[in-house]
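Now for the letters of each chain:
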Amino acid sequence: MIMTSNPDNPTLPAEARWPKWLRVTVSGVLGGLVGYGSVKLLFMAMPDLPGPPNLGWPQIAAIMFAAISLVIGIIVLAMSASRRFYDLENASEEAGPEEHRRVAPGLRLAGIAILAMAAEFGALAMPPERSHFPIVFAVIALSLLVQGWTSWRIWQNGDELERAVTLEASTLAIGLVLLILSLWAPLALYGFVPFDPLAVLVVVTLAVIAPTIWLTVQRGLGA
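Residues numbered from 1 in each chain as written. Predicted model: local features only at pLDDT ≥ 70, side-chain atom pairs only at ≥ 80, totals over all residues. Heavy atoms only, no water.

Right, let's talk about the environment of Ala 66 for a bit. Looking at the secondary structure, you find Ala 66 in helix H2 (residues 57-81). Taking the relative accessible area as the measure of exposure, Ala 66 reaches 11% and is therefore buried. Considered as a pair, Ala 66 and Phe 121 are 55 residues apart in the sequence and their alpha carbons are 5.2 Å apart. (Helix = DSSP H or I, 4+ residues; strand = E, 2+ residues; numbered from the N terminus. Buried < 20%, exposed > 50% of the residue type's maximum accessible area, 1.4 Å probe, protein only.)

Inspection of every chain in the model, using the stated rule, returns three aromatic pairs. Ring geometry for Phe 65 versus Phe 121: centroids 4.5 Å apart, planes at 35°, classification tilted. Of this pair, Phe 65 sits in helix H2 while Phe 121 sits in helix H4 (residues 97-124); the two residues are 56 residues apart in sequence, bridging distant segments of the chain. Each member of the pair, Phe 65 as well as Phe 121, carries the same accessibility label: buried. With a centroid separation of 5.5 Å and an interplanar angle of 70°, the aromatic rings of Trp 184 and Phe 195 are classed as edge-to-face. Here Trp 184 is found in helix H6 (residues 160-189), whereas its partner Phe 195 is found in the loop between H6 and helix H7 (197-218), with eleven residues between them in sequence. (Phe/Tyr/Trp six-rings, centres within 6.5 Å; stacked < 30°, edge-to-face > 60°.)

And the structure:
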């Protein structure tokens, strides 16, 4: 098959490109690794800088989650604002102004929600000192309000397939969360593993996101 293209809408063979969800995820993970590595190098080069010397894995995970969410949120917002950037991430013969105008509002809401999640986990990664509580609590509360509002708007604007995927993902996520907590609770009660609230939140968040990504790919919404 001969592929056609033009300067305003370059296209690539579908088999030559990774799925959109995978490209965004890889970009986010790389961004998180670069951000975390940069901070570690900064403290190694300047050991006198104030900062928490020993971070547990929940704090490290929260920092990584915040960095990944920040990168992905910026990418999604950029796609909502720029048709050219959206076309680069969604190269196809059908892509064009009408397609971008249709998806831009949803992308904008999703980008805002992801950035709010980045702020939430960034606040949770701060050292748990009393003096930090007011700002941390305020940031998390505002972040949850923003995530709730954007999720509701996305639900309202979604089509039948998108709503069905959301309901299926929510059902799977609830089951996965209950499974994880049901196994984690006895292990913690008998002293085999800790039951850190931040660790619980990180694991539960991953358990909620994983079914959404999997179902999005299965239903062809993330290609």
